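Here is how the chains run, residue by residue.
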Amino acid sequence: MRDDKEGPFSHSLTNLHRGHAAATRGLSRRAMLRNVGATGLSLAVSPALADELVKLPFASGPRERPVTHAFPQKGDMILQRVRPPLLETPMEVFDRGVFTPNEQFYVRWHWAEIPNSVDVNTFRLAVRGHVDRTLSLSIPDMIGDLPRVELAAVNQCSGNSRGLFAPRVPGAQWGHGAMGNAKWTGVRLKDVLDRAGIKAGAVQVRFRGLDEPVVPEAPTFRKSLAIDHARDGEVMIAYAMNGEQLPLLNGFPLRLIVPGWYSTYWVKMLSDIEVLDKVDDNYWMAVAYTIPDTPHASIAPGQTGVKMVPINRMVPRSFFTNIADGASFAAGTRVPVRGIAFGGDAGVAKVEVSSDGGKSWQPTRLGDDFGKYGFRQWQTDLALADKGDHALMVRCTNSSGEVQPDTPNWNTSGFMLNVIETVQVKAV
Ligand SMILES: Nc1nc2c(c(=O)[nH]1)N[C@H]1C(S)=C(S)[C@@H](COP(=O)(O)O)O[C@H]1N2
Ligand SMILES: [Mo]
């Protein structure tokens, strides 16, 4: 969605980004307030506005979903829910490049009270709590004075691929598209915290955004990181994504980036940072987004009495992006296969494929390395000698030596699905 007329928003951004021009080219091209104001986030998107259906390969069989382009600043997205929006990235987007375009980056919110626009002139980020100085930072304060950092990183929902859980679990039924890779530009959280001065005895740092629960009794979405994690110099506050301002639905004007960790921690529309002197026991840390403290966060269906811990680092995954279930090829030919992989909280060491259901594996060629937290493209070709059904498989090993398991994990929340991915094809 482009708008040539510049609103007040664009002007202010143009000015305040002067020192960061290289990283944020194109920022003034979008007039966010105009676009969003005109369309609104509360617009009633009916599936009738979607003229196409997509099939997601769920555990219970293929599931049809409408494709919509009715959301502000978003192109074609798989529509799961309108309000608050749950929009999934179609798999073919990942085939087109290693970075996921902003207009097709997935969207997930918990509460429906999301501002339709944010005025960057009056916006302030609070830094408070167990600190020497309470801060109220304007965007120019932050990006004008603090060193700029840039990092490629995968944003993946904890529940990505939940629709593949068997037995089925409640929650947003995602295919594999609740993930994306972007180049994030911003400032180090550490530098912001240092400005405020952390007091001795600080334990965690808690984050919230401008969104609010629909009813006052419901718990505001807030997430916390351990103080050392928050100060590791990698966690950042991003003001740009793939060289452009963040789409409103992806957290404009600021969001937290927690490289290698599930994006439940990547708080959008970040407006409040609170240094805590005790462990955060709010609902979103203590109850929601917890996983069994077991290998692969896996338990047997029905198993109880398991120790739960907050979800944390991601694990390696890999996907085919140019072929899907049901594809057929001429027997005896070589089939080009390609896709993406990521290492979780470590780089991709290797990606291997199998055409015999996992009995033997062959290496693939990896694409350019944009940093250990991002997607890595891979490609090779596979011989399908015999006529009939073939299970093509792909697995990633990360630089810590972790590899995708050959049996899927399971837990009651449908988090962290991980298994070697398989595509069923036919040689004819
Ligand atoms: N303020 C705010 N930030 C949030 C959330 C939210 O509900 N509110 N959801 C989190 C979760 S669970 C996910 S999966 C990601 C989704 O990021 P995206 O919409 O930019 O893809 O945002 C995270 N940050
Ligand atoms: Mo999520």
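Here the structure is a predicted model, which is why all the values come from computation and not from measurement.

## Side note on the site of ligand 1
Part 1 of the reasoning: The local shell around ligand 1 holds 19 residues, among which Tyr106, His110, Asp211, Arg255 and Lys268 are the closest.
Part 2 of the reasoning: One of the side-chain nitrogen or oxygen atoms of arginine 255 is found 2.6 Å away from an oxygen atom of ligand 1.
Part 3 of the reasoning: Tryptophan 266 is positioned with one of its backbone polar atoms (N or O) 3.1 Å from a nitrogen atom of ligand 1.
Part 4 of the reasoning: A total of 530 Å² of accessible area belongs to ligand 1 in isolation, and the protein chains cover 100% of it.
Part 5 of the reasoning: Looking at the shell around ligand 1 residue by residue, the classes come out as ten nonpolar, five polar and four charged.

## Examining the pairing of strand β6 (residues 125-129)
Part 1 of the reasoning: Here β6 runs beside strand β7 (residues 135-137); their pairing, made up of three bridges, is antiparallel. For alanine 126, the partnering residue across the bridge sits in β7 and is serine 136.
Part 2 of the reasoning: Once β6 ends, the chain turns through five residues before running back antiparallel as β7.
Part 3 of the reasoning: One ladder, built from four bridges, connects β6 with strand β15 (residues 270-276); its direction is parallel. When the sheet's bridge partners are listed, alanine 126 is paired in β15 with aspartate 272.

## Section: unusual backbone geometry
Part 1 of the reasoning: The peptide bond linking arginine 83 to proline 84 adopts the cis configuration, its omega dihedral lying at -10°.
Part 2 of the reasoning: Note that the residue after alanine 166, namely proline 167, is joined by a cis bond; omega there is -5°.
Part 3 of the reasoning: Within the chain, asparagine 242 stands out as a residue other than glycine whose phi angle is a positive 50°.
Part 4 of the reasoning: Within the secondary structure layout, asparagine 242 lies in the loop between β12 (236-241) and β13 (244-245).

## Overview of the sheet that holds β7
Part 1 of the reasoning: Taken together, the five strands give an open sheet; going across it, the order is β7-β6-β15-β10-β11, and neighbouring strands pair in mixed fashion. Across the chains shown, the open sheet's two edge strands, defined by having one partner strand only, are β7 and β11 (222-226). On average, each strand axis in the sheet is inclined to that of its neighbour by 20°, with strand direction left out of account.
Part 2 of the reasoning: Across the sheet, helix α5 (residues 189-196) lies against β6, β7, β10 (204-209) and β15, angled at about 135° from β7, the strand it touches most.

## As for the pattern of salt bridges
Part 1 of the reasoning: Per the counting criterion, the structure on display carries 19 salt bridges.
Part 2 of the reasoning: Notably, a salt bridge pairs glutamate 150 with arginine 148, separated by 3.3 Å at the nearest N-O pair.
Part 3 of the reasoning: In this structure arginine 148 comes out as partly exposed when scored by relative accessible area, which is 37%.
Part 4 of the reasoning: With a closest N to O distance of 3.0 Å, arginine 313 and aspartate 345 form a salt bridge. Pair noted here: arginine 313 is in the loop between β17 (308-310) and β18 (317-320) and aspartate 345 is in the loop between β20 (334-342) and β21 (348-354), with a separation of 32 residues, a long-range link.
Part 5 of the reasoning: For arginine 313, a relative accessible area of 29% puts it in the partly exposed group.
Part 6 of the reasoning: Residues participating in the shared-partner salt-bridge network are Arg128, Arg206, Asp272, Glu274 and Asp280.

## A word on the side chain of aspartate 280
Part 1 of the reasoning: With respect to the helices and strands, the residue aspartate 280 is situated in the loop between β15 and α7 (283-286).
Part 2 of the reasoning: By relative accessible area, aspartate 280 is classed as buried at 6%.
Part 3 of the reasoning: Engagement of the side chain of aspartate 280 in a polar contact is seen with the side chain of serine 224, the distance being 2.6 Å.
Part 4 of the reasoning: Leaving out residues up to four positions away in the same chain, aspartate 280 has contacts with Gln204, Arg206, Ser224 and Met285.

## Here's the deal with the confidence of the model for the protein chain
Part 1 of the reasoning: The share of residues in the protein chain with pLDDT of 70 or more is 88%, and the mean pLDDT across the chain is 89.
Part 2 of the reasoning: Confidence over residues 1-45 falls short of pLDDT 50; this stretch has 97 contacts with residues more than four positions distant or in other chains.

## Digging into the pairing of strand β1 (residues 52-58)
Part 1 of the reasoning: Bridge analysis of β1 against strand β2 (residues 61-68) gives seven bridges, and the strand direction is antiparallel. Note on β2: the bridge partner recorded for lysine 55 is glutamate 64.
Part 2 of the reasoning: The hairpin turn running from β1 into β2, its antiparallel successor, is two residues long.

Basis of the calculations
- Residues numbered from 1 in each chain as written.
- Chains lettered and ligands numbered in written order.
- Predicted model: local features only at pLDDT ≥ 70, side-chain atom pairs only at ≥ 80, totals over all residues.
- Heavy atoms only, no water.
- Near = heavy atom within 4 Å.
- Polar contact = N/O pair within 3.5 Å; in protein donor to acceptor, adjacent residues only side chain to side chain.
- Areas by Shrake-Rupley, 256 points an atom, 1.4 Å probe, with all protein chains shown as cover.
- Nonpolar A, V, L, I, M, F, W, Y, C, P; charged D, E, K, R; others polar.
- Pairing = 2+ DSSP bridges.
- Helix = DSSP H or I, 4+ residues; strand = E, 2+ residues; numbered from the N terminus.
- Axes fitted to C-alpha atoms, helices over the stretch in contact; angles between N-to-C directions.
- Contact = heavy atoms within 4.5 Å.
- Salt bridge = Lys/Arg side-chain N within 4 Å of Asp/Glu carboxyl O.
- Buried < 20%, exposed > 50% of the residue type's maximum accessible area, 1.4 Å probe, protein only.
- pLDDT = per-residue confidence, 0-100.

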